[in-house]
Amino acid sequence: PVYPAALLETADPPLLLYAIGRLEQLSTPSLAIVGSRHASVRGRNNAREFAAHLGQTGLTIVSGLALGIDGAAHEGALGTSGGTVAVVATGLDQTYPRRHAELATRIATEGLVVSEYSLGTPPLRENFPQRNRIIAGLTRGTLVVEANLQSGSLITARLAVECGREVFAI
């Protein structure tokens, strides 16, 4: 009953989701913020500030816990009324990247961490594009910050368009 309705509207919804945290965030209005892992200081600040502002309006910020823009977006949304959801490409007992272990713990406590992968699943290259379809499918739209032309962020944006969702860019 708590499976996110928005995700069911996508072409390839996961059969099940594993989750740690506040499950109610799966049914709140949300926006994805994604972008470069090698973001500039300005890009990270933009992501953090947009996430904080949008989170204060009640939007849940969804991202992929990656370095750069994703991490900044999660940080900005933590502590807001909207909160944050991290969609990961590993089992929930793994943290990737390891530098985000503390951030992942905070999100699991204050927000929600979601994965379609069972416990023990390590960070495998092929799982990241699969993860991106969940990010796009959970949200009303996707905000792209500083993405490279050949990036997972643009995969997420394309998937969002295919789901009939809005796409924005900074």
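Enquirer: Could you give an account of empty space enclosed by the protein, with specific residues and numbers?
Expert: Within the structure shown, the criterion is met by one cavity of 30 Å³ or more. Estimated volume of the largest cavity: approximately 40 Å³.

Enquirer: Summarise the environment of Asn46; cite the residues concerned and give the values.
Expert: Take Asn46: it is sitting in helix α2 (residues 41-56). Asn46 sits 124 residues away from Ile170 along the chain, and the two C-alpha atoms are 8.2 Å apart.

Enquirer: Describe a nonpolar patch on the surface, and please don't skip the residues or the numbers.
Expert: Taken together, the side chains of Leu15, Leu16 and Tyr18 make up a nonpolar region of the molecular surface, amounting to roughly 330 Å² of accessible area. Inspection of the secondary structure puts Leu15 in the loop between α1 (5-8) and β1 (18-21). Classification of Leu15 by relative accessible area gives exposed; the value is 83%.

Enquirer: Mind laying out unusual backbone geometry, listing which residues take part and the relevant values?
Expert: Peptide bonds are trans in most cases, and residues, glycine excluded, mostly fall at negative phi. Looking along the chain, the bond that leaves Tyr96 and enters Pro97 is cis, with omega of 0°. Structurally, Pro97 is set in the loop between β4 (84-87) and α4 (101-110). Even without a glycine there, the phi angle at Glu146 is positive, about 50°. One can find Glu146 in the loop between β6 (141-145) and α6 (152-162). Taking relative accessible area as the criterion, Glu146 reaches 30% and is therefore assigned partly exposed.

Enquirer: I'd like a description of the layout of surface pockets, backed by residues and values.
Expert: Here the largest pocket is characterised by a volume of approximately 570 Å³. In this structure, the largest pocket is lined by 23 residues; those nearest its centre are Arg37, Ala66, Phe128, Arg131 and Gly152. Elements represented by at least two residues in the lining of the largest pocket include exactly β2 (30-35), α5 (127-138) and α6. Among the elements that make up the lining of the largest pocket, the one with the highest residue count is α5 (five residues). Among the residues forming the lining of the largest pocket, the class breakdown is nine nonpolar, 10 polar and four charged. Approximately 200 Å³ is the volume attributed to the second largest pocket. For the second largest pocket, the lining is made up of 17 residues, of which Ala6, Leu26, Thr28, Ser30 and Leu138 are closest to its centre. Along the lines of polarity and charge, the residues of the lining of the second largest pocket split into nine nonpolar, five polar and three charged.

Enquirer: Any details on the packing of α5 against α6? Residues and values, ideally.
Expert: Packing of α5 against α6 brings their axes to within 8 Å, and their N-to-C directions diverge by 45°. Taken together, α5 and α6 sit at an angle that is classed as oblique. Considering the relative orientation of α5 and α6, their crossing is right-handed. Every residue of α6 that contacts α5 at Pro129, Asn132, Arg133, Ile135 and Ala136 is listed here: Gly152, Ile155, Thr156, Leu159 and Ala160. For the contact of α5 with α6, the residue count by class is six nonpolar, three polar and one charged.

How each quantity is defined
- Residues numbered from 1 in each chain as written.
- Predicted model: local features only at pLDDT ≥ 70, side-chain atom pairs only at ≥ 80, totals over all residues.
- Heavy atoms only, no water.
- 1 Å grid on protein atoms, 1.4 Å probe; cavity = no way out; pocket = protein on both sides within 12 Å on 5 of 7 lines; lining within 4 Å.
- Points joined across faces, edges and corners; volume = space filled by probe spheres on them.
- Helix = DSSP H or I, 4+ residues; strand = E, 2+ residues; numbered from the N terminus.
- Patch = residues over 30% accessible without salt bridge, like charges linked within 9 Å, V, L, I, M, F, W, Y side chains within 5 Å.
- Areas by Shrake-Rupley, 256 points an atom, 1.4 Å probe, with all protein chains shown as cover.
- Salt bridge = Lys/Arg side-chain N within 4 Å of Asp/Glu carboxyl O.
- Buried < 20%, exposed > 50% of the residue type's maximum accessible area, 1.4 Å probe, protein only.
- Nonpolar A, V, L, I, M, F, W, Y, C, P; charged D, E, K, R; others polar.
- Axes fitted to C-alpha atoms, helices over the stretch in contact; angles between N-to-C directions.
- Parallel < 35°, antiparallel > 145°, perpendicular 65-115°, else oblique.
- Left-handed = near helix turned anticlockwise from the far one by under 90°.
- Contact = heavy atoms within 4.5 Å.

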